[in-house]
Amino acid sequence: MIAQLLAVLKHVLTNNLVIICAVIVFLYVDFVWFVARYRKKPSAPKSRPIVRAPEPEAAPAATEDDDMDEE
């Protein structure tokens with residue numbers, strides 16, 4: 001009786017369809033486990049070039065030539 005059971009198990013386990021299904025189920029479970037445990041890596045801050053605002057032009061100061069014209 002045990003010999004017959006082992007013969008049937010040998011035929012079942014060496015069947016190509018059973019082997020392919022086992023591999024597919026293993027890969028599927030592995031992928032599901034990966035997705036369940038996945039954590040995003042913190043993104044590294046991107047270095048941007050510093051753009052400075054143009055300095056406002058100062059009001060023209062009174063020069064010596066302007067002072068002389070008034071006299």
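Each remark here, short or long, concerns the structure printed above.
Values in this document were obtained by computation on a predicted structure and should not be read as measured data.

**Student:** I'd like to hear about the overall build of the protein, residue by residue, with values.
**Tutor:** Secondary structure assignment for the protein yields three helices and zero strands. The N-to-C order of helical and strand elements in the protein reads α-α-α. A buried classification covers 0% of the 71 residues belonging to the protein. For the protein, the computed accessible surface area is about 8,100 Å², with 65% contributed by carbon and sulfur atoms.

**Student:** Residues and numbers for helix α1 (residues 2–13), please.
**Tutor:** Compared with the 16 Å implied by 1.5 Å per residue over twelve residues, the 16 Å span of α1 between its first and last C-alpha is a close match. The buried fraction of α1 amounts to zero of the twelve residues, a small share that puts the element mostly on the outside.

**Student:** Break down a nonpolar patch on the surface for me, with residues and values.
**Tutor:** A cluster of nonpolar residues, Ile2, Leu5, Leu6, Val8, Leu9, Val12, Leu13 and Val18, forms a patch on the protein surface that exposes about 740 Å² of accessible area. Among the elements that take part in the nonpolar patch, α1 stands out by supplying seven residues, more than any other.

Rules used in this analysis
- Here, residues in each chain are numbered from 1, in the same order as that chain's written sequence.
- With pLDDT at 70 or above as the cut-off, local features in this predicted model cover only qualifying residues; side-chain atom pairs require 80 or more to be listed or tallied, and sums for whole chains, interfaces and linings still use all residues.
- Each side-chain value is worked out from all heavy atoms of the structure, with water and hydrogens disregarded.
- Runs of E in the DSSP output that reach at least two residues are strands. Runs of H or I that reach at least four are helices, and both are numbered from the N terminus.
- Accessibility here uses a 1.4 Å probe with only protein chains present; expressed as a share of the type maximum, an area under 20% marks a residue as buried, one over 50% as exposed, and anything in between as partly exposed.
- For accessible areas, the Shrake-Rupley method is used with a probe of radius 1.4 Å. Any residue's cover is judged against the shown protein chains and nothing else.
- Given a helix with a known number of residues, its expected span is that number minus one, times 1.5 Å.
- Within this analysis, patches are made of residues with over 30% relative accessible area and no salt bridge. Like charges are joined at 9 Å or less; nonpolar side chains (Val, Leu, Ile, Met, Phe, Trp, Tyr) at 5 Å or less.
- Criterion for a salt bridge: a side-chain nitrogen of Lys or Arg within 4 Å of a carboxyl oxygen of Asp or Glu.

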